[in-house]
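Residue-level structure breakdown
The primary structure of each chain is shown beneath.
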Amino acid sequence: MRQRMPELNINEQGAISISCPGWPGFTLQGLRPALRVDGVDLTPLSAHVVTHKGGSTTVDYRFREGLSLTCHIEQWQGCGYRFHAVIHNNGGTAIVLNNVVLLGTDGEGSVVAFGAADEPVRVMEQGNYWGRVRQLSGAREAPANSAQGEPNEVPGTTHGSSDFVWVAYNQTSRMAFLAGFLSSERWSGRISVETTPGGSVLHWNLGFDGADVILKPNSETPLEDILLLVGDDPWELLATYAGEVQAIHNPQFPAAPPVSWCSWYAYRLGVSEERILENARIAAERLKPLGLRIMELDLGWEAGNLPSTFEENERFPHGLKWLSEELAKLGFDMGVWKAPFTISEFDPMAKEHPEYLIQGEDGKPAPYWDWFWEPHGKVFILDLTHPSAQAWLRSKMTSLAERGVKYLKSDFIGCVAGDAAKRRYNPEIAAGGGLEAARIGARIIKECLPAALQLNCGGPEMPGTGHWPLLYTVQDTGNTGFIGHAFQRDNYQAAACHLFKNYRWGILQPSCLCVGAPGTLDDARLRATIAFLTGGQVDISDTLTTLPEDRWQVLTATLPPLGITAKAVDLFEPVYAVPFDYEAVCRGEAGGQAPPKEHPPGSVWHLHVKTDWDEWDLIGVFSYSPGASAEKPEMDRFAIPFPMLGLPPESTRWGYEFWSGQFIGSVPGRRTNARGYVHPGDYQDLTVGDVPGVLDIAFFGPCVKLLALRAQRPHPWVVGTSFHQSCGAELRNVAWDDATGVLSGEMHRPVGETGFVVLGAAGRTAVTSQVDGVPAPCRTGANGSLILPVTMKADRAEWQVRFG
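Residues numbered from 1 in each chain as written. Predicted model: local features only at pLDDT ≥ 70, side-chain atom pairs only at ≥ 80, totals over all residues. Heavy atoms only, no water.

**Quick notes on unusual backbone geometry**
With an omega of -10 degrees, the peptide bond between Leu-559 and Pro-560 qualifies as cis. Along the chain, Pro-560 turns up in the loop between helix 10 (549-556) and strand 31 (567-568). Here the residue pair Gly-701 and Pro-702 is connected by a cis peptide bond, since its omega of -5 degrees sits within 30 degrees of zero. The phi angle at Arg-675 is positive, at roughly 65 degrees, despite the residue not being glycine. With a relative accessible area of 79%, Arg-675 lands in the exposed category. Located in the positive-phi region is Asn-733, a residue other than glycine, with phi close to 55 degrees. (Helix = DSSP H or I, 4+ residues; strand = E, 2+ residues; numbered from the N terminus. Buried < 20%, exposed > 50% of the residue type's maximum accessible area, 1.4 Å probe, protein only.)

**Let's talk about the pairing of strand 50 (residues 786-791)**
For strand 46 (residues 754-760) and strand 50, the ladder comprises six bridges, and the chain directions are antiparallel. Counted as the bridge partner of Leu-759 is Leu-786 from strand 50. Where strand 49 (residues 779-780) meets strand 50, two bridges bridge the pair, whose relative direction is antiparallel. In the strand pairing of strand 50, Thr-780 is matched with Leu-786. Between strand 49 and strand 50, which follow one another and run antiparallel, lie five residues, and Asn-783 among them has a positive phi close to 55 degrees. (Pairing = 2+ DSSP bridges.)

**Here we look at the sheet that holds strand 28 (residues 470-472)**
In space, the eight strands of this open sheet follow the order 29-28-27-26-22-21-20-30, with parallel pairing throughout. One side of each edge strand has no neighbouring strand; the edge strands of this open sheet are strand 29 (507-509) and strand 30 (538-540). Across this sheet, the average inter-strand angle for adjacent strands is 25 degrees, counted without regard to direction. Judged from the two bridges that link them, strand 27 (residues 453-456) and strand 28 form a sheet pairing that is parallel. (Axes fitted to C-alpha atoms, helices over the stretch in contact; angles between N-to-C directions.)

**Considering the side chain of Glu-573**
Within the secondary structure, Glu-573 is located in the loop between strand 31 and strand 32 (576-577). Within polar-contact distance, the side chain of Glu-573 engages the side chain of Tyr-169 at 2.4 Å. (Polar contact = N/O pair within 3.5 Å; in protein donor to acceptor, adjacent residues only side chain to side chain.)

**Points about the packing of aromatic side chains**
Evaluated as defined, the whole model comprises 33 aromatic pairs. When the centroid spacing of 5.4 Å and the interplanar angle of 55 degrees are considered together, the rings of Tyr-129 and Tyr-472 count as tilted. Pair noted here: Tyr-129 is in the loop between strand 11 (121-127) and strand 12 (130-135) and Tyr-472 is in strand 28, with a separation of 343 residues, a long-range link. Using a relative accessible area of 3% as the deciding quantity, one classes Tyr-129 as buried. By relative accessible area, Tyr-472 is classed as buried at 5%. (Phe/Tyr/Trp six-rings, centres within 6.5 Å; stacked < 30°, edge-to-face > 60°.)

**Considering helix 1 (residues 234-249)**
With 16 residues, helix 1 extends 23 Å from end C-alpha to end C-alpha; this agrees with the ideal 22 Å at 1.5 Å per step. Residues of helix 1 that are buried include every one of Pro-234, Trp-235, Leu-237, Leu-238, Ala-239, Tyr-241, Ala-242, Glu-244 and Val-245, and no others. The opening residue of helix 1, the one whose side-chain oxygen lies 2.9 Å from the backbone nitrogen of Trp-235, is Asp-233. (Expected span 1.5 Å × (residues − 1).)

**Concerning helix 7 (residues 436-448)**
Here helix 7 contains 13 residues, and its C-alpha end-to-end distance of 19 Å stays within 8% of the 18 Å for a straight helix at 1.5 Å per residue. Of all 13 residues that make up helix 7, 10 are buried, and the element is covered over most of its length. Within helix 7 the residues assigned to the buried category are Glu-436, Ala-437, Ala-438, Arg-439, Ile-440, Gly-441, Ala-442, Ile-444, Ile-445 and Cys-448. Packing partners of the buried residues in helix 7 comprise helix 6 (387-402), strand 26 (405-410) and strand 27. (Contact = heavy atoms within 4.5 Å.)

**Quick notes on the environment of Val-111**
Tracing the backbone shows Val-111 in strand 10 (residues 111-114). Those residues in contact with Val-111, other than ones at most four positions away along the chain, are Thr-27, Leu-28 and Gln-29.

Below, the structure written as structure tokens:
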């Protein structure tokens, strides 16, 4: 990334302006703070600016007698500025902090622009379970809802412009701006923007809900720090920002991504200890060798199926402790699901201790939702500002530890930060718009379950007090087949927006991985590819006792996770679709006359893989269109420039598509016919273009194509395998001996797996081939490749092919 140090100017009224010499038209002009205190909106009456040696600046804003905000600004690593602000209540009475704008355009003379008026600007916005990339001039739409009908997050959750971080990228000047919060200890930072239909910014604010926190008289209250960055690579800005958050908070998480099994989509409220053990026995045979270590009981193990009870129901007659011991015999840790801050009206605690719950204006517990699942009923929010409610939570979490719980999935925990939680016991603690109470709850859980791995479903995603090492990062994916294509498109675009956090803020989990029926095989493969390329936790949620073998192949090919994270290369720079006109192609014409259109951001993911014997590039290309099932079938074509994949534009590669096992030959490349003739049969080959430096493929959606691109060799070489989505990370000691004409290597997979290794023959002929010293004849594959069948009789198989 080329660093671009923006210029900062502050006038006598304290209005902050930022520009960048290398970015014409970029300006943040006239930004100032604003407060809402005791229900009254306040803007600065005056400002005092002091410039210090070393280049830092302090601005003291006076809002009224006894109330001021001090902002300290310093340059940051040659590409931005860091802001630290403190509110001073020097008056004689306490005040209620309703809202804070740290930097905003609401003052006179404020202008925000990210280039010339006619230049396209993409913005990335995100929150716990959602994320999107859109044109600054485009409408801001809520993410598509799941077709399954089940809720994914706390009802009433709003998707503001962006939580914690916001990025604008000018596609013409190829420059990016990032605004991000460095902390969220008490408040949840938000960047909001309002534009005209043409993309001109009307308002741009960076701040947070004050959560109606009481600030004592004669007190100083530090606010959340922020960072503003400018550079030419938005992905590098995100990595730099996330790395700084990581350096500040030092979050701890496992070195390798965990693999778990979750009962929810397999059984929902029909889960039982017998079913858990049945699945565990199969998992011990087929999945434990690939890294599965956790068997998790989702909602359905508790008395009354209630989210807030911690006693077992009749389907778990032996209790959790006994079950944890039985699972341990099979080599697994036991995990459980809880919604620990959501209290059902049917829970005895709601009647015995109503004071533990968030109250309404009538002084009674205030319901915030009607529970979706049986037995339904109203649910309330645990008041984590109340010492006795904290003690209750501590006792319940301790009971889980005593019963052998080693993994906890905490769900719907964002409720304590929702607006409904504003009427809490202790108004000095930020809840209901703030995150302090949520962090108190997370800290208690962590202290009571120190040996358990923790999954965050809806709580503070940024590291800090009570950090969660595992981050649930999209809406629920549901069972296969029931989820609409638009929902999948938006949901996995959200996953793409969160990738920069993986192994910086925690380990991402892109919801449960379901690959079984009733959905299509293509649906299963698409989900599995997202899970694999995310590089985070893989949380399996299929019924293992009935899973068909074709779905087992999808599942095992995803394991073990590599633990490295892909990048969605088209989030900020579009990949274009070349229209396909079936009638025109049947006439022998190249195609229709329609102009190219942009694919949805997040359609192309890239991952570089490096082993001790080779390195290559994996590219996941995702289509969410109805494809051949539409009334008028429409093919998706992707023209992906090599530089987007980090490849030299003049280079060529050998290509292999994993899910089909197809060697696609030289890339770029396509079938050619005499006299330049074209017809629909040409599209059987996947690659359809030979423009230098472009990967050009076409296929019908909805589905995924997972390609491995390797440097071409003058001799035979591995181009892919069928065992693992990495297309070769399961191989070791691959070597070509030019003197003997032998290509050899080792396959490392569990006993009993069968599959093949695909070899690019480089124009040579195989004479003999063997696996573990036994002849294993190769067969001819696509584009002159050789398919070497391999059956694992041990966890290592030696293979070799001799060429003439």
